[in-house]
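Single-letter residue listing:
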Number of protein chains: 2
Amino acid sequence: MTKQVQSEDLPTFNMIPVMDCCVIPLKDIPNRYLVQTTDFFYPSVDDPYKQGQIACANTLSDLYAMGVTGCDNMLMLLGVSLQMNLKQQDSSTIQLIKGFNDTANKAGTYVRGGQTVFNPWTLIGGVATRVCKREEIILPENAKAGDVLILTKPLGIQITTNMKKIMGNKAIWKMLSNKVTKEAVDKAIETGVRSMTRLNLDAAKLMHKYDAHAATDITGFGLMGHSQNLAVCQTEKIGIKIHTLPIIKHTLPFDKLMFYGLTKGKAKETSGGLLISINPNKAQNFIDDLKKTEGYDSWIIGEFVKGERKAQIIKDPKIVEVLYD
Amino acid sequence: MTKQVQSEDLPTFNMIPVMDCCVIPLKDIPNRYLVQTTDFFYPSVDDPYKQGQIACANTLSDLYAMGVTGCDNMLMLLGVSLQMNLKQQDSSTIQLIKGFNDTANKAGTYVRGGQTVFNPWTLIGGVATRVCKREEIILPENAKAGDVLILTKPLGIQITTNMKKIMGNKAIWKMLSNKVTKEAVDKAIETGVRSMTRLNLDAAKLMHKYDAHAATDITGFGLMGHSQNLAVCQTEKIGIKIHTLPIIKHTLPFDKLMFYGLTKGKAKETSGGLLISINPNKAQNFIDDLKKTEGYDSWIIGEFVKGERKAQIIKDPKIVEVLYD
């Protein structure tokens, strides 16, 4: 999510406090906007190819959260780790780039440019840019009281990326091993990786088809942080009430022991799902359509209600446990 | 300098092996191109405000090297150093951002978006984007045999950023102190900083006024690396012969002792000048005009000659020593 900088150049959008991309009206081209976002971070999975895929999906997700389904160009940002030897640097970097490129191509765009530095830690990220008409953009400000909120990926990503490390501690694993098996953990991790590498592109297309009113994507601030940001953007004086938490199966025992705050919506996510505000009459069609086109479940997790522009989770929310087959 | 990725989307430009920006034709808007570049690196000066200015000037320089004088948007890339305490992190980051923003505003653009991470080392950089007509872009491929090369900033930047550290070694300073005074070193450092924070914007505007045929900017690969890149881009079978080296005064004794390769054009530069290929009849007017508008000298440092697409420095080139008052 990009902090929107206020300026006199942005008369249309200067009421929106936070947006996933900046939106710049191009002065000399009628009805054309420059939509841009950047994101870079450190690897969270061991496989550099998958990490490249994740970084690309995560960067593009900011465009998708604003309904922008096309991308005219990507730049790649890369830090090669000084803690690796030359051979490791080579093989890791090649795979990072390949994963990033392949995902960009899958999204119908190309990486043409970027910057690489040496850094103590591996860095991977990108820039996504689109020049488009106003109609392609869904500003995150038009949710209505009574709208429901759809989430398109399960929560618990950060836990899945830490599971292996946590299990490495024998004392902790002793406490966990009567609740989860190693095979179950492997499936949770696999679900996490597949979730992170998934593009939010199909969901963004369906936002237009089913007339979504507002959206954001769930990343570093967790479900509650991003829900809160979405609430404060609304023109109507409405808030968010969350009643359901789709959670990657087998992450709950880890959460209970390690205090990620998963059931409070506080656990960080990476390349998470879109959180979409939509008319309740259209929500099930959206969910069915996404299942048909992409093969994945999405869930109605809450609603917009009249009141303060705040987000909250109800007491004892319904937990839906999710595993990708 | 951005490695230009070949693709079927780039029919017009796919003969140019390296460009300072990528240039993407926008499919649904006639005669409009998305021109983009990104650059990020580590601080080279102690003052975070000036470092922010340098990072911004350096990022924009890639647009200017291609004659693109406007910028529709910038994004800022920031790594906050984990080696600093909270107070240092705060004050350094605020000043980096302020320097970057002020320079963006001076260039007539705004920073609207970006990404910040914590990193072992401070990171600073940005993304510069322009949507423009073909006429705004000067592709770096149309130099003619007989063209002269103008350089708009002196060489030796890397040495000026290391001078203080070098002088800290008593044994080395003993060898240097009969050749330079501390006051002289201060002036060289000051010239380096002013040179790095200077925008190449005025020079880029004059490239259009005086019909420049090709250009690049001098950064991490040094004068020879970037000259070589410029040579290989040319449609005509021509090479570059460099006869003059404008060098920041008092850097030569450091170069001799520490082997930067300054007089071989191998020393790295940061936010260096534009290297511009121009008709010999227009060169002096360009130089006079830049002096009038910006107050700084530029120099004819070489020429394009028929032959292999290679760059070389003649034996015993003329050295011009430069200090900014």
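Anything mentioned here points back to the structure above.
Residues numbered from 1 in each chain as written. Chains lettered and ligands numbered in written order. Predicted model: local features only at pLDDT ≥ 70, side-chain atom pairs only at ≥ 80, totals over all residues. Heavy atoms only, no water.

## Re the pattern of salt bridges
Residues and elements named next belong to chain A.
(1) Moving on: Applying the stated criterion to the full structure yields 20 salt bridges over all chains.
(2) Moving on: Two residues, Asp 186 and Lys 164, come together in a salt bridge whose shortest N-O distance is 3.6 Å. Of this pair, Asp 186 sits in helix α5 (residues 182–197) while Lys 164 is found in helix α3 (residues 157–168), placing the two residues 22 residues apart along the sequence.
(3) Moving on: Take Asp 186: its relative accessible area is 39%, and that puts it in the partly exposed class.
(4) Moving on: Here the salt bridges do not stand alone but share partners, grouping Asp 72, Arg 130 and Glu 136 into one network. (Salt bridge = Lys/Arg side-chain N within 4 Å of Asp/Glu carboxyl O. Helix = DSSP H or I, 4+ residues; strand = E, 2+ residues; numbered from the N terminus. Buried < 20%, exposed > 50% of the residue type's maximum accessible area, 1.4 Å probe, protein only.)

## Remarks on the nonpolar core
(1) Moving on: One finds Leu 60, Leu 63, Met 74, Ile 137, Phe 254 and Phe 286 of chain A to be the most contacted residues of the largest nonpolar core, which totals 97 residues.
(2) Moving on: Looking at this core element by element, the count peaks at eight residues for helix α1 (residues 48–65) of chain A.
(3) Moving on: In this view, Leu 63 of chain A contacts Cys 21, Val 35, Thr 37, Val 68, Gly 70, Cys 71, Ala 128 and Arg 130 of chain A; residues no more than four positions away in its chain are not counted.
(4) Moving on: Listed in part, the 81 residues of the second largest apolar core include Val 68, Met 76, Ile 166 and Ile 172 of chain B. (Core = buried A, V, L, I, M, F, W, Y, C linked by side-chain atoms within 4.5 Å. Contact = heavy atoms within 4.5 Å.)

## Quick notes on the relation of the copies chain B and chain A
(1) Moving on: The operation relating chain B to chain A is a screw motion whose rotation component is 180°, with 0.0 Å of axial translation and a residual RMSD of 0.0 Å. Those values place the two copies in the arrangement expected of a two-fold rotation axis. Relative to the rotation axis, the C-alpha of Pro 120 of chain B is the closest in chain B, positioned 3.3 Å from it.
(2) Moving on: When the interface residues of chain B are mapped onto chain A, 100% of them again lie at the interface, so the same face is used by both copies. (Least-squares fit on C-alpha atoms with pLDDT ≥ 70 in both.)

## As for the interface of chain B and chain A
(1) Moving on: Taken together, the 41 residues of chain B in the interface contact 41 residues of chain A.
(2) Moving on: Of the roughly 3,500 Å² buried between chain B and chain A, counting both surfaces, carbon and sulfur atoms make up 64%.
(3) Moving on: Taken together, the links from chain B to chain A amount to two salt bridges.
(4) Moving on: Here Asp 28 of chain B and Arg 32 of chain A are joined by a salt bridge, their closest N and O atoms 3.0 Å apart.
(5) Moving on: Inspection of the region where chain B meets chain A yields 15 residue pairs in polar contact (both at pLDDT 80 or more).
(6) Moving on: It is strand β6 (residues 111–119) of chain B that contributes the most residues to the side of chain B that touches chain A, eight residues altogether. (Buried area = accessible area lost by both parts, 1.4 Å probe. Polar contact = N/O pair within 3.5 Å; in protein donor to acceptor, adjacent residues only side chain to side chain.)

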